[in-house]
Amino acid sequence: MADNDYVQVWEESQEYELDLSDSGKIIDFLEPEKERPNKAEERVRQRIARVLHFEYGYPKELMCFEAPIRMGRDLRHADIAIYASPAARVQKDQGKILLVCEVKAPEIKECDGQLVSYVSASSAEGGLWTNGTQVVYVHKDAVAGKIQGYMGIPRYGEAWDSI
C-alpha cells in the first residue's frame, strides 16, 4: 500500500472506531488474534458488534461472526448471531440463537430478505439489517407465525415487549 492509502484506511477506521494491524487489516473485535480484510462491509460488521456489546450490553462470549445457519439442505452464514449461552455459541447451536444481524456495505441500500430467512430458519426472536447508516429491525411473532418490521431490538436480558 502507498502511504496515502494507509492514511485513507486509517481515517475510515476511525469513523468506525476500529483497531488496525500494522498491515492495515482490521483487528477482529470478538477474536483479537484474528485480522480481517479492511473492506466496507467488514467495517460495518465490526462497528455493529461494538454497538451490540457496548450500547445493548450483549456479552462478547455470546456473539459470533459468520454463524452457520442450516436452511433445508443449504448451509448459510449470518454475519452476526447472538446465542443464548457461551456453550451454544461454541457449539454453533442454531436452536439457541437469540438475535441475528445481517450487515452490508454502505452502498447497498435495500434489505434483501436474507435477515428474514435467517430468523425463520433459527430460534432467533428477531434481528437487524444495516448498511451502517440505515437499520431495519424485525421481530418473530410466534403466535401469529409472522416476521414483521419492529421498532428496535431489546437490550441484553430484556424482553422484546420492553422496547
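Residues numbered from 1 in each chain as written. Predicted model: local features only at pLDDT ≥ 70, side-chain atom pairs only at ≥ 80, totals over all residues. Heavy atoms only, no water.

**Focus on the overall build of the chain**
At step 1: Helix and strand counts for the chain come out as four helices and eight strands.
At step 2: Along the chain, helices (α) and strands (β) appear in the sequence α-β-β-α-β-β-α-β-α-β-β-β when read from the amino end.
At step 3: In terms of C-alpha radius of gyration, the chain reaches 16 Å, essentially the compact-globule figure of 15 Å for 163 residues.
At step 4: Overall, the chain is about 55 × 35 × 35 Å in size when its C-alpha atoms are taken along their principal axes.
At step 5: Scored against the burial criterion, the 163 residues of the chain give a buried share of 41%.
At step 6: Considering only contacts in the chain between residues 6 or more positions apart, those separated by 24 or more positions represent 43%.
At step 7: For the chain, the computed accessible surface area is about 8,900 Å², with 48% contributed by carbon and sulfur atoms. (Helix = DSSP H or I, 4+ residues; strand = E, 2+ residues; numbered from the N terminus. Rg over C-alpha atoms; globule rule 2.2 N^0.38 Å. Buried < 20%, exposed > 50% of the residue type's maximum accessible area, 1.4 Å probe, protein only. Contact = heavy atoms within 4.5 Å. Areas by Shrake-Rupley, 256 points an atom, 1.4 Å probe, with all protein chains shown as cover.)

**Some remarks on unusual backbone geometry**
At step 1: One non-glycine residue, Glu66, adopts positive backbone phi at about 55 degrees.
At step 2: Along the chain, Glu66 falls in strand S3 (residues 63-71).
At step 3: Located in the positive-phi region is Lys92, a residue other than glycine, with phi close to 55 degrees.
At step 4: The residue Lys92 is located in the loop between helix H3 (86-91) and strand S5 (97-103) in this model.

**A word on helix H2 (residues 40-55)**
At step 1: Under the 1.5 Å per step criterion, the end-to-end length of H2 is 22 Å for 16 residues, consistent within 8% with the ideal 22 Å.
At step 2: Every buried residue of H2 is listed here: Glu42, Arg43, Val44, Arg45, Gln46, Ile48, Ala49, Arg50, Val51 and Leu52.
At step 3: In the stretch just after H2, Gly57 is the one whose phi turns positive, near 80 degrees. (Expected span 1.5 Å × (residues − 1).)

**Description of the environment of Met71**
At step 1: In this structure, Met71 sits in strand S3.
At step 2: Between the C-alpha atoms of Met71 and Ile27, which are 44 residues apart in sequence, the distance is 30 Å.
At step 3: Setting aside its immediate chain neighbours within four residues, Met71 contacts Arg76, Ser117, Tyr118 and Ala121.

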